[in-house]
Amino acid sequence: MLTVEIDEGSGFCFGVTTAIKKAEEELEKCTGKPLLYCLGDIVHNGMEVERLAAKGLVTIDHDQLKSLHHVKVLLRAHGEPPETYEIARRNHIEIIDATCPVVLQLQRRIKKQYEASMATEGSTSSQIVIFGKNGHAEVLGLVGQTQNRAIVIEHLEEVTKLDFHRDIYLYSQTTKSLDEFHQIITYIQDHISPEATFKSFDTICRQVANRMPNIAHFASRHDVVLFVSGRKSSNGKVLFNECRRVNCHSHHIENANEIDLSWFEGIHSVGICGATSTPKWLMEECRDYILSLTQSVSD
């Protein structure tokens, strides 16, 4: 008999849960069309975006934001640069700010460091470095705190582009790999000039980082693993790779329609898990679909 288990540790993180709750609360009290705008996908999951769109949430980009006036716009958990707030002020847009508290605190720390560096040095001789994905919404918001002067490095190999004779202040996107962040710290410590200052700030969200060992343990306990997440999710890519490292019979799917019945031939257990952007209802939908398929075959 085939058993299907959903990972209790998977699903929305605190920041995403809060953003969606704010959107739903606002949609309930809004009247007229459109009910509420959201700057960018509220979460990197197409199914959840579609669910909220059906309730009246309209996704826009930054160019569209500039043409709006006297409307309500929700800022998702990833956060935004100061420029976005300035556009909203000029256009009399009411901001529903759902920036994750962890991200918001990181933005403030980077802004404070940048302002302190400018005040004491009167130049940009210090390097504020962000370990993160270039172009990612959260990273754009972080870089914006430095008037776009921060240096973004995506991988350990890119650390070589830093100037090790100048001060370095290292931060991290909240959802990046803790192991790689520590590797970057070690490399800089080994190469920084004795005359330069190096400080690192561990700004990785533990609610996300702790999912790596947890999801590895979960994946190891099942014959087949279905990792459910949107393919645009950076966090999803990292966690799926961890599943596949532990269990080669891991499959990345966005919804139940991508499930292949042949994956379950001759096996006894299926584990379903997901990213911080994966709704629980979607994992449950995949579970129910598997059980209905296998039940019909056995009948």
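These numbers were taken from a predicted model, which means no experiment stands behind them.

Caption draft 1: Region of interest: the pattern of salt bridges. By the definition in use, this model includes 15 salt bridges. One salt bridge connects Arg-221 with Glu-5, and the closest N-O pair in it is separated by 3.3 Å. Taken together, the residues Arg-221 in the loop between α9 (211–220) and β10 (224–228) and Glu-5 in strand β1 (residues 3–6) connect sequence positions 216 residues apart. A residue is classified by how much of its surface remains accessible, and Arg-221, at 42% relative accessible area, is partly exposed. Here Glu-258 and Arg-231 are joined by a salt bridge, their closest N and O atoms 2.9 Å apart. One end of the pair, Glu-258, is in the loop between β11 (250–253) and β12 (269–274); the other, Arg-231, is in the loop between β10 and α10 (234–246), with 27 residues separating them in the sequence.

Caption draft 2: The arrangement of the sheet that holds strand β9 (residues 198–200) in detail. Spatially, the four strands line up as an open sheet ordered β7-β6-β8-β9, and their pairing is parallel. A single partner strand is all that each edge strand has here, and the edge strands are β7 (151–153) and β9. Each neighbouring strand pair of the sheet contributes to a mean axis angle of 20°, computed without reference to strand direction. Strands in contact with helix α7 (residues 178–191) are β6 (127–131), β7, β8 (168–172) and β9; relative to β8, the strand with the most contacts, it is inclined by about 175°.

Caption draft 3: Structural detail: the layout of surface pockets. Roughly 380 Å³ of internal volume is contained in the largest pocket. As for the largest pocket, its lining consists of 22 residues, and the residues nearest its centre are His-62, Glu-80, Pro-81, Leu-140 and Gly-141. For the lining of the largest pocket, the secondary structure elements donating two or more residues are α3 (62–66), α4 (82–90) and α6 (137–143). When grouped by side-chain class, the residues that make up the lining of the largest pocket number six nonpolar, ten polar and six charged. The calculated volume of the second largest pocket comes to roughly 320 Å³. Along its surface, the second largest pocket is lined by 24 residues, and Cys-13, Val-16, His-78, Thr-175 and Thr-276 are the ones closest to its centre. Among the secondary structure elements, those contributing two or more residues to the lining of the second largest pocket are α1 (14–29), α5 (101–121), α8 (206–209) and α10. In terms of residue count, α1 provides more of the lining of the second largest pocket than any other element does, three residues in total. Counted by class, the lining of the second largest pocket contains ten nonpolar, 13 polar and one charged residues.

Quick notes on the rules
- Residues numbered from 1 in each chain as written.
- Predicted model: local features only at pLDDT ≥ 70, side-chain atom pairs only at ≥ 80, totals over all residues.
- Heavy atoms only, no water.
- Salt bridge = Lys/Arg side-chain N within 4 Å of Asp/Glu carboxyl O.
- Helix = DSSP H or I, 4+ residues; strand = E, 2+ residues; numbered from the N terminus.
- Buried < 20%, exposed > 50% of the residue type's maximum accessible area, 1.4 Å probe, protein only.
- Pairing = 2+ DSSP bridges.
- Axes fitted to C-alpha atoms, helices over the stretch in contact; angles between N-to-C directions.
- Contact = heavy atoms within 4.5 Å.
- 1 Å grid on protein atoms, 1.4 Å probe; cavity = no way out; pocket = protein on both sides within 12 Å on 5 of 7 lines; lining within 4 Å.
- Points joined across faces, edges and corners; volume = space filled by probe spheres on them.
- Nonpolar A, V, L, I, M, F, W, Y, C, P; charged D, E, K, R; others polar.

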